[in-house]
Amino acid sequence: MQDMNDAARIARKLSVLADLGLERVEVSPVRTAATRVDRRTVKVTCARPAMGTFISITALHRSRDLAEDAIGKAFREMDRRIALFNRFDGASAVSDLNRQGRLLDSPPEVTRVVGRALHYHRLSRGAFDVTVKPLVDLFSTNTARPEEREVADILELVGSRHIELSPNAIRFRRQGMGITLDGIAKGFIVDRVSESLSRSGLKSYLINAGGDVRTAGAKEGGQPWAVAVQDPEKEGDYPDIIQMGDGAVATSGSYEIYFDHERLYHHIVNSRTGASPDLSKSVSVIAPTAMAADALATSIFIMNPQAGVRFVSAIPQCECLVVDARGGKWKSRGWGG
């Protein structure tokens, strides 16, 4: 009985965190909680580890069983797509592409995501580039600052212009190239989870995938979902809390993963210079889809804050908040904070 009470207590805590859309949820694997909101509505929250973080789904519905069944189906959809995009899994389609330099009979989902990656590469004038994998590999295998010659040699393998994309195949034009879809695939997966929940009849829900958040409808009482932007300094003082209805928000930051002792190189890399940008601490983007928010947040992080705000301001239905290296905040005019 005590174990059940502990599980319920942790799940309730998780439900609160999911409402806020926090970056990371530190709990044990798979927790589910259900609370009655009123006579006609039950709130169900379920979370499980995936994609290097915890994925939580909070949904409102009249039937607990239906909500739990819908969330279970959505998690299965998520797992199927993770199996395609996980570059650390040697059996995935992306790993196969990186290993062989080509992917014949490419799964439609992989073709679509690579196609959208090329779209955002063009839209951002090269800031968003999924071919930086060789640079990320270089940084992640060295604790010291790499030599300029090493970086220059690797840069020869970087550039989305070297990707050939057809309806059924993907090819690299240069041997030794590789892609990392970390800046776009998670958003794509979150969107597919959202579609699955909607197909199952859920109209009000929040999905939080380690800072990639997708919302629909409203929370209890008809109130908008409250989503907190991650604090780059991890001091608990959120740069902003925004109100969400139907839409998505994603945050990119340099504060999570560093590869060197001097904290100069992290998982976001400028494909032109071979260096990690240092003008911003975090970038959050509101967009109609999680995939768009994900890719745009990474794109803006490569830019200087002022240019990033101008860039996103020209894209319909998209807004951004940039926390620069000194802690200053740069917001687009329609930012929802």
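### Considering unusual backbone geometry
Of note, the phi angle at M51 is positive, near 55°, even though the residue is not glycine. Inspection of the secondary structure assignment puts M51 in the loop between strand 2 (41-50) and strand 3 (53-61). One non-glycine residue, Q317, adopts positive backbone phi at about 65°. Here Q317 lies in the loop between helix 9 (305-313) and strand 13 (319-324). Taking relative accessible area as the criterion, Q317 reaches 65% and is therefore assigned exposed.

### What about the packing of helix 8 (residues 290-302) against helix 9?
Remark: helix 8 packs on helix 9, axes separated minimally by 8 Å, with the N-to-C direction vectors making an angle of 145°. Relative to helix 9, the crossing made by helix 8 is right-handed. The segment helix 8 lies against helix 9, with L296, S299 and I300 engaging G308, F311 and V312. Broken down by class, the residue content of the contact of helix 8 with helix 9 amounts to four nonpolar, two polar and no charged.

### Overview of the sheet that holds strand 5 (residues 163-165)
Read across the sheet, three strands follow the order 4-6-5 without closing on themselves; strand pairing throughout is antiparallel. If you trace the sheet from one side to the other, it starts and ends with strand 4 (102-104) and strand 5, each paired once. Each adjacent strand pair in this sheet contributes to an overall mean axis angle of 15°, direction not counted. As paired elements, strand 5 and strand 6 (residues 169-172) share three bridges and run antiparallel to each other. Along strand 6, the bridge assignment pairs L165 with I170. The sheet contacts of helix 3 (residues 93-100) involve strand 4 and strand 6, and relative to strand 4 the element is tilted by about 125°. Against the sheet, helix 4 (residues 108-123) touches strand 4, strand 5 and strand 6, its axis set at about 125° to strand 5.

### With respect to the packing of helix 2 (residues 64-85) against helix 4
How two helices sit against one another is set out by the angle between their axes and by the gap between those axes. It is at 10 Å that the axes of helix 2 and helix 4 come closest, and there the two elements cross at 65°. As the angle between them shows, helix 2 and helix 4 are arranged roughly perpendicular. Judged by the sense of rotation from one axis to the other, the crossing of helix 2 with helix 4 is right-handed. Residues R80, R81, L84 and F85 of helix 2 lie in contact with helix 4, whose contacting residues are E109, V110 and V113. Residues belonging to the contact of helix 2 with helix 4 are distributed by class as follows: four nonpolar, no polar and three charged.

### Digging into the pattern of salt bridges
By the definition in use, this model includes 15 salt bridges. Counted as one network, the salt bridges with shared partners bring together E77, R80, R81 and E109.

### Section: the sheet that holds strand 3
One open sheet accounts for nine strands, arranged 1-2-3-7-8-11-12-13-14; its pairing is antiparallel. In this open sheet, the two edge strands, each paired with only one partner strand, are strand 1 (31-38) and strand 14 (329-331). The average angle at which neighbouring strand axes cross in this sheet is 10°, direction not considered. Where strand 7 (residues 204-209) and strand 8 (residues 212-216) come together, five bridges link them in antiparallel fashion. Counted as the bridge partner of A209 is D212 from strand 8. Contacts from helix 7 (residues 185-199) reach strand 3, strand 7 and strand 8, with the element oriented near 155° to strand 7. Helix-sheet contacts for helix 8 involve strand 8, strand 11 (247-253), strand 12 (280-287) and strand 13, and the interaxial angle to strand 12 is about 150°.

### Describing the packing of aromatic side chains
As enumerated under the stated definition, the model contains two aromatic pairs in all. Ring geometry for F85 versus F188: centroids 5.7 Å apart, planes at 65°, classification edge-to-face. With F85 in helix 2 and F188 in helix 7, this residue pair connects regions lying 103 residues apart in the sequence. The two residues F85 and F188 agree in class, both being buried. Between Y120 and F128, the aromatic rings sit 6.5 Å apart at their centres with planes inclined by 75°, giving edge-to-face as the arrangement.

### Observations concerning the nonpolar core
Formed by 72 residues in total, the largest nonpolar core has its most connected members in F85, I163, I179, L181, I184, L197 and V285. Residue contributions to this core peak at ten residues, all from helix 8. Setting aside anything within four residues of it in sequence, one finds L197 in contact with I57, A70, I71, A74, L202, Y205 and I207. V249, I286, L321 and W335 belong to the second largest nonpolar core, which has eleven residues in total.

Calculation notes
Residues numbered from 1 in each chain as written. Predicted model: local features only at pLDDT ≥ 70, side-chain atom pairs only at ≥ 80, totals over all residues. Heavy atoms only, no water. Helix = DSSP H or I, 4+ residues; strand = E, 2+ residues; numbered from the N terminus. Buried < 20%, exposed > 50% of the residue type's maximum accessible area, 1.4 Å probe, protein only. Axes fitted to C-alpha atoms, helices over the stretch in contact; angles between N-to-C directions. Left-handed = near helix turned anticlockwise from the far one by under 90°. Contact = heavy atoms within 4.5 Å. Nonpolar A, V, L, I, M, F, W, Y, C, P; charged D, E, K, R; others polar. Pairing = 2+ DSSP bridges. Parallel < 35°, antiparallel > 145°, perpendicular 65-115°, else oblique. Salt bridge = Lys/Arg side-chain N within 4 Å of Asp/Glu carboxyl O. Phe/Tyr/Trp six-rings, centres within 6.5 Å; stacked < 30°, edge-to-face > 60°. Core = buried A, V, L, I, M, F, W, Y, C linked by side-chain atoms within 4.5 Å.

The values reported here are purely geometric and, on their own, carry no functional implication.
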